[in-house]
Amino acid sequence: MTATRLLIRDLAQAASPAGTHAPLRRASLRDIDVVENAYVLCEEGRVAAVGRMRDLGAIAGDEVEELDGRGLSAIPGLVDCHTHACFAGDRVEEFSLRAGGASYEELHARGGGILSTVRATRAASESELAAALAKHVGWMRQAGTTTFEAKSGYGLDHDTELAQLRAIADAGGIPTWLGAHAVPPEFSDKGADGYVDFLVRDVLPESAQLAEAADVFLERGAFEAVEARRYLTACREAGLELRLHGDQFTESGAIPLAVELGARSVDHLEVTGEQGVLALAESDVTGVLLPASALFLGRPMPPGRALIDAGAAVALATDFNPGSAFCESLPLVCSLAATQLKIAPEEALSACTVNAAHVLGRADRKGRLAAGYDADVVLVAADDWRHLAYHLGGPVVHTVIAGGQIAWRRSA
């Protein structure tokens, strides 16, 4: 019988975003509580206590499983608030073409890009989709992700969109309906307007029963602001939270629309200028930064430092997908945030824990290593938790605990 209590003892450090509020901004984003020579006690799937070993008294009652944390540091389980992890096939051929000079936009215009993955995903059975997602979730778990969001958007029809959402929910993910990801070929004569009509009429009613949020790719060649507004307004009326892909290639009105509609987030922001930065800073919309995508496509990095300094709420995510960010590692994203966005390791930790949890509506129970929060813990393979960002792409995750149970451990 598995013990209902887990004691992680003799840790070099336990580190967590300070306070209880979310999202964190400005200086509070950098405020990390660090306990040296620490323990973490988990009970019934929640954190019961975090403290110094010298203050740990006798633990009475039911059986307690003990985990040796010597030489390790504990941080909250990582929260990936923007992924496209439910897909079939791959785009390695396009990757090779892009390496040879073809642009992402050129490949998309030639029927590649998103539509290539749509063809593969439509051809997969629901069980094949679930198996592919399970493999991807396993990769994310090994990189320290204990909570993940995933989007549909590789079906662009009724049945496959719903199959994706079911697979995500069944895998323990937080489903987002990205019906407005691209216009599928069968709607080429009706265009984006006609496709949005179809989505709202035929797919939204059932998607709203499966998803927690809706998303739209507001970009040149995808959906314009007027189409995105109509789609998102209908989704909001159906009870879904709102997300936007915006400012990835062009500033096409995503930030003003996100602010107008009260969206949870606007994600990408690679080309966001000064006015967009100020607009986000004055709003309740979180800017989700995806530096792995910018790196993968050779695009400008989002203005992370400017956003934080202006007072915007920011989160970090992988954008894990087969075309523009084949990356499941939030530790790697933290390294990119530190080296490319000039975001301190402390800010990066808050951005991929409590602030990412805020985007997903779970900041009251995810993203902190504190009493009452879900017992999701990552043990970093170093005596200083900042190795999370310092170790560029290395085996920095030692052990992953989800809900108070050991979910993955690196083999010796």
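Residues numbered from 1 in each chain as written. Predicted model: local features only at pLDDT ≥ 70, side-chain atom pairs only at ≥ 80, totals over all residues. Heavy atoms only, no water.

## Some remarks on the overall build of the protein
Looking only at helices and strands, the protein has 15 helices and 16 strands in total. Relative to its length of 412 residues, the protein is compact, with a C-alpha radius of gyration of 21 Å against a globular reference of 22 Å. Over its C-alpha atoms, taken along the principal directions, the protein stretches across nearly 70 × 45 × 45 Å. Evaluated residue by residue, the protein yields a buried proportion of 58% over its 412 residues. In the protein, once contacts between residues fewer than 6 apart in sequence are set aside, the share between residues at least 24 apart is 72%. Accessible surface computed for the protein: about 15600 Å², of which carbon and sulfur atoms make up 49%. Positive and negative side-chain charges of the protein, numbering 36 and 56 respectively, have mean locations separated by a distance of 3 Å. (Helix = DSSP H or I, 4+ residues; strand = E, 2+ residues; numbered from the N terminus. Rg over C-alpha atoms; globule rule 2.2 N^0.38 Å. Buried < 20%, exposed > 50% of the residue type's maximum accessible area, 1.4 Å probe, protein only. Contact = heavy atoms within 4.5 Å. Areas by Shrake-Rupley, 256 points an atom, 1.4 Å probe, with all protein chains shown as cover. Lys, Arg positive; Asp, Glu negative; His and termini not counted. Charge placed at Lys NZ, Arg CZ, Asp CG, Glu CD.)

## Some remarks on the state of the cysteines
For the structure shown, the criterion picks out zero disulfides. There is no disulfide at Cys-81, and the cysteine sulfur nearest it, in Cys-352, is 9.3 Å away. Cysteine Cys-327 remains unbridged, with the sulfur of Cys-334 as its closest cysteine sulfur at 11 Å. We classify Cys-327 as buried; its relative accessible area is 10%. (Disulfide = S-S within 2.5 Å.)

## Some details on helix 7 (residues 225-237)
End to end, helix 7 covers 18 Å across 13 residues, agreeing with the expected 18 Å (1.5 Å per residue, within 8%). For helix 7, the set of buried residues is Glu-227, Ala-228, Tyr-231, Leu-232, Ala-234 and Cys-235. Buried residues of helix 7, seen end-on, are gathered within an arc of 160° and therefore sit on one face of the element. When the buried face of helix 7 is taken as reference, the exposed residues oriented beyond 90 degrees from it are Val-226 and Glu-237. Looking at the buried side of helix 7, the elements it contacts are strand 8 (174-180), helix 6 (191-210), strand 9 (213-216), strand 10 (241-246) and helix 8 (254-261). Positive phi appears at Gly-239, one or two residues downstream of helix 7, with a value of about 100°. (Expected span 1.5 Å × (residues − 1). Arc of directions from axis to C-beta.)

## Some words on the sheet that holds strand 7 (residues 145-151)
Within a beta sheet, neighbouring strands are joined by backbone hydrogen bonds and run either parallel or antiparallel to one another. Strand order across the open sheet formed by eight strands is 6-7-8-9-10-11-12-13, with parallel pairing between neighbours. The sheet is open, and its two edges are formed by strand 6 (78-80) and strand 13 (314-316), each paired on a single side. Across the sheet, the mean angle from the axis of one strand to that of its neighbour is 25°, orientation sign disregarded. For strand 12 (residues 286-289) and strand 13, the ladder comprises three bridges, and the chain directions are parallel. Pairing of Val-288 across the sheet is with Ala-315, part of strand 13. In this fold helix 7 packs onto strand 8, strand 9 and strand 10, with an angle of close to 175° to the strand it touches most, strand 9. (Pairing = 2+ DSSP bridges. Axes fitted to C-alpha atoms, helices over the stretch in contact; angles between N-to-C directions.)

## A closer look at the environment of Leu-162
In this fold, Leu-162 is placed in helix 5 (residues 158-170). If we skip the residues at most four places from it in the chain, Leu-162 touches Glu-206, Ser-207 and Leu-210.

## Details of the nonpolar core
Residues Ile-75, Trp-177, Tyr-231, Leu-244, Val-266 and Leu-316 are the most contacted members of the largest nonpolar core, which totals 109 residues. Non-local contacts of Tyr-231, meaning those with residues more than four positions away in its chain, are made with Trp-177, Leu-178, Gly-179, Ala-180, Val-196, Leu-199, Ala-214, Asp-215 and Val-216. One finds Cys-42, Leu-67, Ala-375 and Ile-401 within the second-largest nonpolar core, a separate group that totals 16 residues. (Core = buried A, V, L, I, M, F, W, Y, C linked by side-chain atoms within 4.5 Å.)

## Concerning the packing of helix 6 against helix 7
Between helix 6 and helix 7, whose axes approach to 10 Å, the crossing angle comes to 5°. Between helix 6 and helix 7, the interaxial angle falls into the category roughly parallel. Side by side, helix 6 and helix 7 meet where Ala-192, Asp-193, Val-196, Asp-197, Leu-199, Val-200 and Leu-204 of the first sit next to Glu-227, Arg-230, Tyr-231, Ala-234 and Cys-235 of the second. Its residues assigned to classes, the contact of helix 6 with helix 7 comprises eight nonpolar, no polar and four charged. (Parallel < 35°, antiparallel > 145°, perpendicular 65-115°, else oblique. Nonpolar A, V, L, I, M, F, W, Y, C, P; charged D, E, K, R; others polar.)

## Some thoughts on the pairing of strand 10
Of all six residues in strand 10, five are buried, a share of seventy percent or more. Here strand 9 runs beside strand 10; their pairing, made up of two bridges, is parallel. Among the inter-strand pairings, Ala-214 is bridged to a residue of strand 10, identified as Leu-242. Taken together, strand 9, helix 7 and strand 10 form a β-α-β motif whose crossover is right-handed. With four bridges joining them, strand 10 and strand 11 (residues 265-268) adopt parallel strand pairing. The partner of Arg-243 across the bridge, within strand 11, is Ser-265. The parallel pair strand 10 and strand 11, bridged by helix 8, forms a crossover whose chirality is right-handed. (Right-handed = clockwise from strand over helix to strand, strands pointing away.)

## Considering helix 5
The terminal C-alpha atoms of helix 5, which comprises 13 residues, lie 19 Å apart, in line with the 18 Å expected from a rise of 1.5 Å per residue. Residues Thr-160, Glu-161, Leu-162, Ala-163, Gln-164, Leu-165, Ala-167 and Ile-168 constitute the buried set of helix 5. Contact partners of the buried residues in helix 5: helix 3 (114-123), helix 4 (126-142), strand 7, strand 8 and helix 6. Residue Asp-157 occupies the N-cap position of helix 5, its side-chain oxygen lying 2.9 Å from the main-chain nitrogen of Thr-160. (Polar contact = N/O pair within 3.5 Å; in protein donor to acceptor, adjacent residues only side chain to side chain.)

## Brief notes about the packing of helix 7 against helix 8
For the pair helix 7 and helix 8, interaxial distance at closest approach is 11 Å and the crossing angle is 25°. Our classification of the angle between helix 7 and helix 8 gives roughly parallel. For helix 7 against helix 8, the interelement crossing comes out right-handed. Between helix 7, through Ala-225, Ala-228, Arg-229, Leu-232, Thr-233 and Arg-236, and helix 8, the contact on the second element is made entirely by Leu-257, Glu-260 and Leu-261. (Left-handed = near helix turned anticlockwise from the far one by under 90°.)

That is the geometry; function is a separate question.
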